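Spelled out, the chains give:
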Amino acid sequence: MSPLLKVSDLHCSFDTTRGKVHAVRGVSFEMQRGETLALVGESGCGKTTLARCILGLQKIESGDVMLDGQTVSGLSRRQLRPHRAAMQCVFQDPFSSLNPRKRVETLIREPLDLHGVGTVAERRKTVLELMERVGLRPDWSRRFPHEFSGGQRQRIGIARALALRPKLIICDEPVSALDVSVQAQIINLLYELQRDFEVSYLFITHDLTLVENFADRVAIMYLGQIVEVGKAGEIWRNPQHEFTRTLIEAIPVADPNVPMRGTRTFCDARVTVGGSS
Amino acid sequence: MNGTNLLDIRDLRVSPRGMTETAILRGVTFSVAPGETLAVVGESGCGKSMASLAVMGLLPPGLERRSGDILFRGEPLPVDDNTAMRKVRGRRIGMVFQEPMAALNPVYTIGHQVAEVILEHEDISAAEARLRVVELLREVGLPSPDRIIDEYPHRLSGGQRQRVVIAMALACKPDLLIADEPTTALDVTVQAQIMRLLKRAQNELGIAIILITHNLGLVAQMADRVVVMYAGHKVEEASVQTLFASPQHPYTQGLLRATPRPGRRRAGGKPLEEIPGMVPAITDPPSGCRFRPRCPRATRECETVHPAVRQVGDTIVACHHPGRLEAVQ
């Protein structure tokens, strides 16, 4: 059986006033069905650009993206449309990613409307079921996004992403804007939904500790490249790449008996003062 | 409370102007000793930032201090007198905020802005101030300070900007530094550098630090003592060792369990422990204990009586049913 997602030698760059920025430099990886792959890296490492390339939201320079055995890179918008149902996304900021003028039921139903799934009555029913499933009271369906907390809005975003029964959901920092206690609720919800919906997650985050308990595998990204991939626990116990070691040492451990680490420094290629490119 | 404390906050209450029923801080008391690091922990909306803004006399326009004393070295701080507070801010108490770009003026050079702090408080020439600035920028670990001094903020990375803000906060060697989520906007490798810088500055200058954060990892690494806040109340206060070893309040225990612990992968079950429910709206707080609707130990008493702050062992806690939780994994 072919992998669910296969990314091969993907390159992407931007032209800026300071020259060409090579954001993604030859990234290759595979994801299996039902798997959670965490993509971990610091700001500017290209993790979000990589996600946009996979979703077809960003033009790629070279390389291939295959979803379920079919090439989805380099397609026109029209050609891409049938594939869009299979890959959905959940964004970081639940305040800006939901249209404030639309009611919750509309927001969750929209993907079904756009893809013409079922009758109007069936779609309404699906919306209420989804709301219940993600922990929102169905009688809130006429409310607007501003009437919800950050965690609840992220639940709306998750319901919307699930509406089309996708095979892959790309979660781009879905809990970074949330408080610790709510963060755990959302991670656990995603975990439970994965079993019921048989969906794979590409989980993009800067927080390695978060995905340690949640992801199956972890890919570490640095300066546009994946520098290390491994099983979630393995990466933590036995990091191979120097950058991974730097990253792990910098994470403050929630135990006062563990002395402060992070004395290691890694060549910081993002220093901007007087930078030429 | 005695004369040895650097800062004493006693029964501080802050409310939106004209709203007597709602309160953002509902009688918060804590103190900071010279040279120590106090971490103030809590989730968004718990009032942790408001307490520090009240100390600086910088409460947002819609809010006011209803009651409570703020003492600095045993003397009341003139928080309502802006002119008097200008002599305190930057000189006695330095501040570092979450967003370094918001703390810096984009149209002035780094050198101008750091020198401004020094010239506000000290009677020295601009040339002398400039030399001091170069030295400060060097001390906070910025590369080629004699070049950076003439740069504008947008030319620096986030970590470099935060170093500049720290240089400004330390410029007049204050007694107290208030750092409000100083590294939340930064990458974790940069965060480690900034935290080491703060530790070093503390050791060299003997300053006390109030570290306001939601990151329990940082608390464990940095703090001597910890105050945990929830919905405008102090719910627990203890030394960092005691708090992590035997948290008493169910909220503190929940926070500790919800914090991802690397290297301790849970076998089966859910990936993380969660605290059910959410923080109550300040306009519609529950009766009795504010944490009651989310609390596994809540009883009838918790519904009717707000728990007073009391001493339990080495911990100060506001809970009717405090107690150690055996399995903080």
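Residues numbered from 1 in each chain as written. Chains lettered and ligands numbered in written order. Predicted model: local features only at pLDDT ≥ 70, side-chain atom pairs only at ≥ 80, totals over all residues. Heavy atoms only, no water.

**Student:** Any chance you could explain the environment of alanine 201 of chain B here in plain terms?
**Tutor:** Residues and elements named next belong to chain B. Note on placement: alanine 201 falls in helix α8 (residues 188-205). By relative accessible area, alanine 201 is classed as buried at 8%. The sequence separation of alanine 201 and aspartate 69 amounts to 132 residues, and the corresponding C-alpha distance is 29 Å. Those residues in contact with alanine 201, other than ones at most four positions away along the chain, are Leu170, Gly206 and Ile207. (Helix = DSSP H or I, 4+ residues; strand = E, 2+ residues; numbered from the N terminus. Buried < 20%, exposed > 50% of the residue type's maximum accessible area, 1.4 Å probe, protein only. Contact = heavy atoms within 4.5 Å.)

**Student:** So what exactly am I meant to see when it comes to the interface of chain B and chain A here?
**Tutor:** Put simply, an interface is often sized by how much accessible area is lost when its parts join up. Counting from both sides, the interface comprises 50 residues of chain B and, opposite them, 47 residues of chain A. Interface area, chain B with chain A, both sides summed: about 4,100 Å², of which 56% is carbon and sulfur. One salt bridge connects glutamate 192 of chain A with lysine 270 of chain B, and the closest N-O pair in it is separated by 3.4 Å. For the pair chain B and chain A, the interface holds 15 residue pairs in polar contact (both at pLDDT 80 or more). Only α6 (145-148), α8, α9 (216-222), α10 (240-245) and α11 (250-258) of chain B provide two or more residues apiece to the side of chain B that touches chain A. Here the element with the most residues in the side of chain B that touches chain A is α8 of chain B; it accounts for eight residues. When grouped by side-chain class, the residues that make up the side of chain B that touches chain A number 20 nonpolar, 15 polar and 15 charged. (Buried area = accessible area lost by both parts, 1.4 Å probe. Salt bridge = Lys/Arg side-chain N within 4 Å of Asp/Glu carboxyl O. Polar contact = N/O pair within 3.5 Å; in protein donor to acceptor, adjacent residues only side chain to side chain. Nonpolar A, V, L, I, M, F, W, Y, C, P; charged D, E, K, R; others polar.)

**Student:** I keep staring at the pairing of strand β9 (residues 225-230) of chain B and nothing clicks. Help me out?
**Tutor:** Every regular strand shows the same layout, with side chains that alternate between the two sheet faces. Residue and element names in this part refer to chain B. In terms of burial, β9 is a largely internal element, six of the six residues being buried. Along β9, one buried face is formed by Arg225, Val227 and Met229 and the opposite face, lined by Val226, Val228 and Tyr230, is buried too. In this structure, strand β3 (residues 37-41) lies alongside β9, joined through four bridges in parallel fashion. In the sheet register, valine 40 faces β9, and the bridge partner there is valine 227. Here β9 pairs with strand β10 (residues 233-239) via six bridges, running antiparallel. Paired with valine 226 across the two strands is alanine 238, which belongs to β10. (Pairing = 2+ DSSP bridges.)

**Student:** Honestly, the sheet that holds strand β2 (residues 25-32) of chain B in this entry has me stumped. Any pointers?
**Tutor:** All names here are of chain B. With antiparallel pairing, the four strands of this open sheet are ordered in space as β2-β1-β4-β5. Looking at which strands have only one partner, the edges of the open sheet turn out to be β2 and β5 (75-76). Here strand β4 (residues 63-72) runs beside β5; their pairing, made up of two bridges, is antiparallel. The partner of phenylalanine 72 across the bridge, within β5, is glutamate 75. The sheet strands contacting helix α1 (residues 48-56) are β1 (7-16), β2 and β4, and the helix crosses β1 at an angle near 110°. (Axes fitted to C-alpha atoms, helices over the stretch in contact; angles between N-to-C directions.)

**Student:** It is not clear to me how the packing of aromatic side chains should be interpreted in this structure. Could you clarify?
**Tutor:** Ring pairs (aromatic) are described by centroid distance and by the angle formed between their planes. Per the stated rule, a full pass over the model turns up seven aromatic pairs over all chains. Geometrically, the ring pair formed by phenylalanine 203 of chain A and phenylalanine 214 of chain A is edge-to-face, given 5.2 Å between the ring centres and 70° between the ring planes. You can see phenylalanine 203 of chain A sitting in strand β8 (residues 200-205) and its partner phenylalanine 214 of chain A sitting in the loop between α7 (208-212) and β9 (217-222), a full 11 residues away along the chain. When sorted by exposure, phenylalanine 203 of chain A lands in the same class as phenylalanine 214 of chain A, which is buried. On the numbers, 5.1 Å between centres and 85° between planes, the contact of tyrosine 230 of chain B with phenylalanine 291 of chain B is edge-to-face. On the criterion of sequence distance, the pair formed by tyrosine 230 of chain B in strand β9 and phenylalanine 291 of chain B in the loop between α11 and α12 (300-304) is long-range, its members being 61 residues apart. (Phe/Tyr/Trp six-rings, centres within 6.5 Å; stacked < 30°, edge-to-face > 60°.)

**Student:** Just checking my understanding: could you explain the side chain of glutamine 194 of chain A for this structure?
**Tutor:** Residues and elements named next belong to chain A. Within the secondary structure layout, glutamine 194 lies in helix α6 (residues 180-197). Since its relative accessible area comes to 10%, glutamine 194 is described here as buried. Beyond its immediate stretch of four places on either side in the chain, glutamine 194 contacts Gly34, Glu35, Thr36, Val199, Ser200 and Tyr201.

**Student:** Where do I start with the nonpolar core in this structure?
**Tutor:** A general trend in soluble globular proteins is that nonpolar side chains are found buried together. Ile158, Leu208 and Val218 of chain A together with Val226 and Phe244 of chain B are the most contacted members of the largest nonpolar core, which totals 84 residues. Here this core gets 10 residues from one element, more than from any other, and that element is α6 of chain A. Contact partners of leucine 208 of chain A, with chain neighbours within four places excluded, come to Val40, Val218, Ile220, Trp236, Leu247, Ile248 and Ile251 of chain A. In terms of nonpolar packing, the next biggest core, distinct from the first, is built from 40 residues, Ala115, Val165, Cys172 and Ile209 of chain B among them. (Core = buried A, V, L, I, M, F, W, Y, C linked by side-chain atoms within 4.5 Å.)

**Student:** Would you take a moment to explain the packing of helix α3 (residues 104-114) of chain A against helix α4 (residues 120-133) of chain A for this structure?
**Tutor:** Axis angle and axis distance: for two packed helices, these are the angle between their axes and the distance between the axes, and together they describe the pair. Residue and element names in this part refer to chain A. Two elements in contact, α3 and α4, have axes separated by 9 Å at closest approach and are oriented at 120°. Relative to α4, α3 is oriented oblique. As α3 packs across α4, the resulting crossing turns out to be right-handed. Within the contact between the two elements, α3 uses Val104, Glu105, Ile108, Arg109, Leu112 and Asp113 and α4 uses Arg123, Arg124, Thr126, Val127, Leu130 and Met131. Classifying every residue of the contact of α3 with α4 gives six nonpolar, one polar and five charged. (Parallel < 35°, antiparallel > 145°, perpendicular 65-115°, else oblique. Left-handed = near helix turned anticlockwise from the far one by under 90°.)

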